Amino acid sequence: MAKWGLIGASTIAREWVIGAIRAAGGEVVSVMSTDAARGQAYAVENGIAKSVTSVADLVNDPEVEAVYISTTNELHRDQTLAAIQAGKHVLCEKPLAMSLADAKAMVKAAGEAGVVLATNHHLRNAATHRAIRDAIAAGKIGKPLGARVFHAVYLPPHLQGWRLDRPEAGGGVILDITVHDADTLRFVLGDDPVEAIAFGQSGGMGKAGLEDAVMGVLRFKSGVIAQFHDGFTTKYAETGLEVHGTDGSIVARNVMTQRPVGSVTLRNAEGETELQLESTNLYEVALQAFHDAVAGKGKPSATGEDGVWSLATGLAVVEAARTGKSVKIEPGL
């Protein structure tokens, strides 16, 4: 199994991804932080043999076969391209980049180099989301007509930082959370969004005019319309996902989360049925799929192309919130 290098001594790597790499049979051999002391401390705390201070040192390490990138958003493109040029497989946090052109260049480079590029959209690895997708595909709600995503949460103090005060780093709720909604809806509906309208909000947490909440609507190719509410500002809200069709509705609660929790209820003429779930760690599912893809067995759970789609949707929502006009979603893939 793959030997990994981490670009970014991040919270998400510490809390979720390092453990998932190990659970999927991989090994973390190196971590890169531009702060040498931080990198060394992080390596010791997480049982990683090496810490380096430059991307070049990490990606040119012959022991490293795959790279996980969890730095701030504006760094993703150059770090991913450096890893690809060094022949490494890449799992990159969302959004892939700050512009569609950059994200597509990353996908193109990976294809030309023959390496796997995946986007870390964790939610499509949840048993809840897979049960929703399967029920829709099996016709349990008839023809899907509308959906609603509740993904307004409270951003805890240890994560606030750049997400709230650095627009140049890709801060704000849309590129952090709305991109997950877009990927979730594409995944469960098997459909692509074509248009967005939205209103952003500054509720007092975001600095420098960054939105800390957003509401909007996406229209999909099939005609499905989907509401979304995303926020960093709501301490007591519950997350959820609903899909309503001609013959039934799916109501899922507490499912827009990193943890393998939540419930999915099917409502139709026969009444209410709780869908059976075999919940497992979302990141372990993702890392197993990634390792399989590296071995030539299938694709990662969320590909680079999936990352382009979610970024295209996020950027359209940003533009719609800024202008007050509907914006077409055109990934150009």
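Refer to the structure presented above.
Owing to the predicted nature of the structure, the values given are computational and were not obtained by experimental measurement. (Residues numbered from 1 in each chain as written. Predicted model: local features only at pLDDT ≥ 70, side-chain atom pairs only at ≥ 80, totals over all residues. Heavy atoms only, no water.)

Caption draft 1: View of the overall build of the protein chain. A tally of helices and strands in the protein chain yields 10 helices and 15 strands. Computed over C-alpha atoms, the radius of gyration of the protein chain comes to 19 Å, within 12% of the 20 Å expected from 2.2 N^0.38 for 333 residues, which places it in the range of a compact globule. Expressed as lengths along the three principal axes of its C-alpha atoms, the size of the protein chain is roughly 60 × 45 × 40 Å. When each of the 333 residues of the protein chain is scored for burial, the buried share is 56%. Restricting to contacts in the protein chain with at least 6 residues of sequence separation, those with at least 24 account for 68%. Surface accessibility of the protein chain: about 13800 Å² in total, with carbon and sulfur atoms responsible for 50%. Side chains of the protein chain give 31 positive and 38 negative charges; the mean places of these two sets differ by 2 Å. (Helix = DSSP H or I, 4+ residues; strand = E, 2+ residues; numbered from the N terminus. Rg over C-alpha atoms; globule rule 2.2 N^0.38 Å. Buried < 20%, exposed > 50% of the residue type's maximum accessible area, 1.4 Å probe, protein only. Contact = heavy atoms within 4.5 Å. Areas by Shrake-Rupley, 256 points an atom, 1.4 Å probe, with all protein chains shown as cover. Lys, Arg positive; Asp, Glu negative; His and termini not counted. Charge placed at Lys NZ, Arg CZ, Asp CG, Glu CD.)

Caption draft 2: Region of the structure containing the side chain of Asp191. Structurally, Asp191 can be placed in the loop between helix 8 (173-189) and strand 8 (193-201). One buried charged residue, Asp191, remains without a salt bridge, the closest side chain of opposite sign being Lys221 at 6.4 Å. One polar contact links Asp191 to Ser222, side chain to side chain, over a distance of 2.5 Å. (Salt bridge = Lys/Arg side-chain N within 4 Å of Asp/Glu carboxyl O. Polar contact = N/O pair within 3.5 Å; in protein donor to acceptor, adjacent residues only side chain to side chain.)

Caption draft 3: Structural view of helix 4 (residues 76-85). For helix 4, the set of buried residues is His76, Gln79, Thr80, Leu81, Ala83 and Ile84. Where helix 4 is buried, its residues contact strand 1 (3-7), helix 3 (55-59), strand 4 (66-69), strand 5 (89-92), helix 5 (100-113) and strand 6 (117-119). Positive backbone phi, approximately 80°, marks Gly87, located one or two places after helix 4.

Caption draft 4: Local environment of the packing of helix 4 against helix 5. For the pair helix 4 and helix 5, interaxial distance at closest approach is 10 Å and the crossing angle is 5°. The angle between helix 4 and helix 5 places the two elements in the roughly parallel class. Counting all contacts with helix 4, which are made through His76, Arg77, Thr80, Leu81 and Ile84, the residues of helix 5 involved are Asp102, Ala105, Met106, Ala109, Ala110 and Ala113. Residues of the contact of helix 4 with helix 5, tallied by class, amount to seven nonpolar, two polar and two charged. (Axes fitted to C-alpha atoms, helices over the stretch in contact; angles between N-to-C directions. Parallel < 35°, antiparallel > 145°, perpendicular 65-115°, else oblique. Nonpolar A, V, L, I, M, F, W, Y, C, P; charged D, E, K, R; others polar.)

Caption draft 5: Quick peek at the sheet that holds strand 6. One open sheet accounts for six strands, arranged 3-2-1-4-5-6; its pairing is parallel. The sheet terminates laterally at strand 3 (50-52) and strand 6, the two strands that pair on one side only. Geometrically, the sheet is characterised by an average inter-axis angle of 20° between neighbouring strands, direction not taken into account. In the sheet, strand 1 pairs with strand 4 via four bridges, with the strands oriented parallel. If you follow Ile7 over to strand 4, its bridge partner there is Ile69. Taken strand by strand, helix 1 (residues 11-23) contacts strand 1, strand 2 (27-32) and strand 4, and its axis lies near 170° from that of strand 1. (Pairing = 2+ DSSP bridges.)

Caption draft 6: Structural view of helix 2 (residues 36-45). Within the span of helix 2, buried status applies to Gly39, Tyr42 and Ala43. Within helix 2, the buried residues cover an arc of 100° as seen down the axis, which keeps them to one side. More than 90 degrees from the buried face of helix 2, the exposed residues found are Ala37, Val44 and Glu45. Among the structural elements, strand 1, helix 1, strand 2 and strand 3 are those in contact with the buried residues of helix 2. Between the side-chain oxygen of the N-cap and the backbone nitrogen of Ala37 there are 3.1 Å, and the N-cap of helix 2 in question is Asp35. Looking at the residues trailing helix 2, positive phi occurs at Gly47, about 65°. (Arc of directions from axis to C-beta.)

Caption draft 7: Spatial organisation of the nonpolar core. Grouped together as the largest cluster of nonpolar side chains are 70 residues, with contacts concentrated most on Ile132, Leu185 and Leu241. Here the element with the most residues in this core is helix 8; it accounts for nine residues. The next biggest cluster of nonpolar side chains, apart from the first, holds 26 residues, and it includes Ala13, Ile21, Ala286 and Ala293. (Core = buried A, V, L, I, M, F, W, Y, C linked by side-chain atoms within 4.5 Å.)

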